[in-house]
Amino acid sequence: MTGEPQDDCLFCKIVAGHVPANVVRETDTTVAFRDINPQAPTHILVIPKVHHPDVASLAAAEPAIAADLLREAGEVASEEKLESYRIVFNTGGGAGQTVFHAHAHLLGGRGMQWPPG
């Protein structure tokens, strides 16, 4: 069920404390941690504590938590002293989503190209 923890979800396991992560910030609704396969000098994932398979379903079901996710990405960027950064949401396997729990990639610390690859 959407919103409920999923036994087979890596990010649900991180939220529950069953899988370790390098957590940089946590709120009542979100957790932010360093990506284990960074694509930039700063690469932090910001996830909701509730399970939704992607950001579109999160925004439709719980818009306040979707807003929290974006606000926290900005807070983390500020704490990391990033002057410029990118926030990316991959939705679906064809877009590169590999963990089907909504999450934002906060990328910074290097120049970014457009269009993204």
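Residues numbered from 1 in each chain as written. Predicted model: local features only at pLDDT ≥ 70, side-chain atom pairs only at ≥ 80, totals over all residues. Heavy atoms only, no water.

Under an unreviewed UniProt entry, the name given to the chain is Histidine triad nucleotide-binding protein, and the source organism is Streptomyces mirabilis.

Q: Any chance you could break down the nonpolar core for me, citing the residues and the numbers?
A: Grouped together as the largest cluster of nonpolar side chains are 14 residues, with contacts concentrated most on A32, I44, V46, L58, V76 and L106. Within the residue set of this core, elements represented by two or more residues are β3 (42–48), α3 (63–79) and β5 (104–108). Considering each element in turn, this core owes the most residues, six residues, to α3. Those residues in contact with V76, other than ones at most four positions away along the chain, are V24, R25, A32, I44 and L106. (Core = buried A, V, L, I, M, F, W, Y, C linked by side-chain atoms within 4.5 Å. Buried < 20%, exposed > 50% of the residue type's maximum accessible area, 1.4 Å probe, protein only. Helix = DSSP H or I, 4+ residues; strand = E, 2+ residues; numbered from the N terminus. Contact = heavy atoms within 4.5 Å.)

Q: Quick one: what's the story with the packing of aromatic side chains, residue by residue and with numbers?
A: On inspection of all chains with the given rule, the structure shows one aromatic pair. When the centroid spacing of 5.6 Å and the interplanar angle of 75 degrees are considered together, the rings of F11 and F33 count as edge-to-face. Taken together, the residues span a long stretch of sequence, with F11 in helix α1 (residues 10–16) and F33 in strand β2 (residues 30–34) at a distance of 22 residues. Neither F11 nor F33 differs from the other in exposure class; each is buried. (Phe/Tyr/Trp six-rings, centres within 6.5 Å; stacked < 30°, edge-to-face > 60°.)

Q: Give me unusual backbone geometry: which residues, what numbers.
A: Here W114 and P115 are connected by a cis peptide whose omega angle stands at 5 degrees. Looking at the element boundaries, P115 is found in the segment after β5. You will see that K81, though not glycine, has its phi angle at about 60 degrees, which is positive.

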